[in-house]
Amino acid sequence: GAGVSQTPSNKVTEKGKYVELRCDPISGHTALYWYRQSLGQGPEFLIYFQGTGAADDSGLPNDRFFAVRPEGSVSTLKIQRTERGDSAVYLCASSLSGGATEQFFGPGTRLTVL
Amino acid sequence: AQSVTQLDSQVPVFEEAPVELRCNYSSSVSVYLFWYVQYPNQGLQLLLKYLSGSTLVKGINGFEAEFNKSQTSFHLRKPSVHISDTAEYFCAVSLTGNQFYFGTGTSLTVIP
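Computed from a prediction, not measured in an experiment: that's the story for all the values here.

*Asks:* If you had to explain the overall build of chain B to someone new, which residues and values would you point to?
*Replies:* Each helix and strand in chain B was counted, giving zero helices and 12 strands. If you list the helices and strands of chain B from N to C, you get β-β-β-β-β-β-β-β-β-β-β-β. For 112 residues, the compact-globule estimate of 2.2 N^0.38 gives 13 Å, and the C-alpha radius of gyration of chain B, at 13 Å, lies within 12% of that figure. Oriented by its inertia axes, the alpha-carbon framework of chain B measures out at about 40 × 25 × 20 Å. Considering only contacts in chain B between residues 6 or more positions apart, those separated by 24 or more positions represent 55%. Accessible surface computed for chain B: about 5400 Å², of which carbon and sulfur atoms make up 50%. For chain B, the centre of its 6 positive side-chain charges and the centre of its 8 negative side-chain charges are spaced 10 Å apart.

*Asks:* Let's hear about the environment of Glu66 of chain B: which residues, and what values?
*Replies:* All names here are of chain B. By the element assignment, Glu66 lies in strand 8 (residues 64-68). On the accessibility criterion, Glu66 (34% relative accessible area) is partly exposed. Taking C-alpha positions, Glu66 is 26 Å from Gln42, a pair spaced 24 residues apart along the chain. If we skip the residues at most four places from it in the chain, Glu66 touches Thr55, Leu56, Ser73, Phe74, His75 and Arg77. In terms of polar contacts, Glu66 uses its side chain to reach the side chain of Arg77, at 3.4 Å.

*Asks:* Any chance you could break down the sheet that holds strand 3 (residues 19-24) of chain A for me, citing the residues and the numbers?
*Replies:* Residues and elements named next belong to chain A. Strand order in the open sheet formed by four strands is 1-3-8-7, with antiparallel pairing between adjacent strands. Of all strands in the sheet, those bounded by a partner on one side alone are strand 1 (5-7) and strand 7 (65-68). Averaged over all adjacent pairs, the angle separating strand axes in this sheet is 15°, with direction ignored. The pairing of strand 1 with strand 3 spans three bridges and is antiparallel.

*Asks:* Describe the interface of chain A and chain B, and please don't skip the residues or the numbers.
*Replies:* Each side of the interface is counted separately: chain A has 19 residues, and chain B has 17 residues. Buried surface at the junction of chain A and chain B, both sides included, amounts to about 1500 Å², of which 56% is carbon and sulfur. If you sort the residues of chain A by the area they bury against chain B, Pro43, Ala100 and Phe105 of chain A come out on top, with a joint share of 33%. For the pair chain A and chain B, the interface holds zero salt bridges. When residues of the side of chain A that touches chain B are traced back to their parent elements, those giving at least two are strand 4 (31-37) and strand 5 (44-50) of chain A.

Analysis parameters
Residues numbered from 1 in each chain as written. Chains lettered and ligands numbered in written order. Predicted model: local features only at pLDDT ≥ 70, side-chain atom pairs only at ≥ 80, totals over all residues. Heavy atoms only, no water. Helix = DSSP H or I, 4+ residues; strand = E, 2+ residues; numbered from the N terminus. Rg over C-alpha atoms; globule rule 2.2 N^0.38 Å. Contact = heavy atoms within 4.5 Å. Areas by Shrake-Rupley, 256 points an atom, 1.4 Å probe, with all protein chains shown as cover. Lys, Arg positive; Asp, Glu negative; His and termini not counted. Charge placed at Lys NZ, Arg CZ, Asp CG, Glu CD. Buried < 20%, exposed > 50% of the residue type's maximum accessible area, 1.4 Å probe, protein only. Polar contact = N/O pair within 3.5 Å; in protein donor to acceptor, adjacent residues only side chain to side chain. Pairing = 2+ DSSP bridges. Axes fitted to C-alpha atoms, helices over the stretch in contact; angles between N-to-C directions. Buried area = accessible area lost by both parts, 1.4 Å probe. Salt bridge = Lys/Arg side-chain N within 4 Å of Asp/Glu carboxyl O.

Next up, the structure:
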């Protein structure tokens, strides 16, 4: 079956603009994670959804970042008033039930803020 | 907060030689431990994980890792590497299975 998909694959925006990044998890996976990966770093946890609710959003860096998963499937990461420091690859992962079950990662969205 | 240290940012090794990629974590309580691999132009893929029980964990592609609680380490090993093992390897730790903390990665280059 299809894996985790993310759109767009690349996004270039200007400082101060608003962006939305989309994640389509594997069908049937109840858990969904967002990570941010800067150059030369490992993935940095942002937020974890179990179903429709954000079970843990403690990794969101500030209130410019917000994520939703209204129907328990597709998720959108929203970044307001983008800053150059937001430039990174944003990764999405899903797992069957959360916890220590295997996470399947998408290819990521490369965000560049000019 | 948990943290993960991968001491070696780059590891070159000749084909068919053994390799060990080091990972240390900071936690005073029980954690889940993982190794992920990222091949060039691909997403991260789980290699193996330790949840509990036997401290020696076997994963895909001939890799294994040993959990050492006293040294808070989870080093990854392979007795004989192949060219296709060239990739970025990430160690990760989770306390609850909600938040996952990743190391900065080790770039393994297998030399023919």
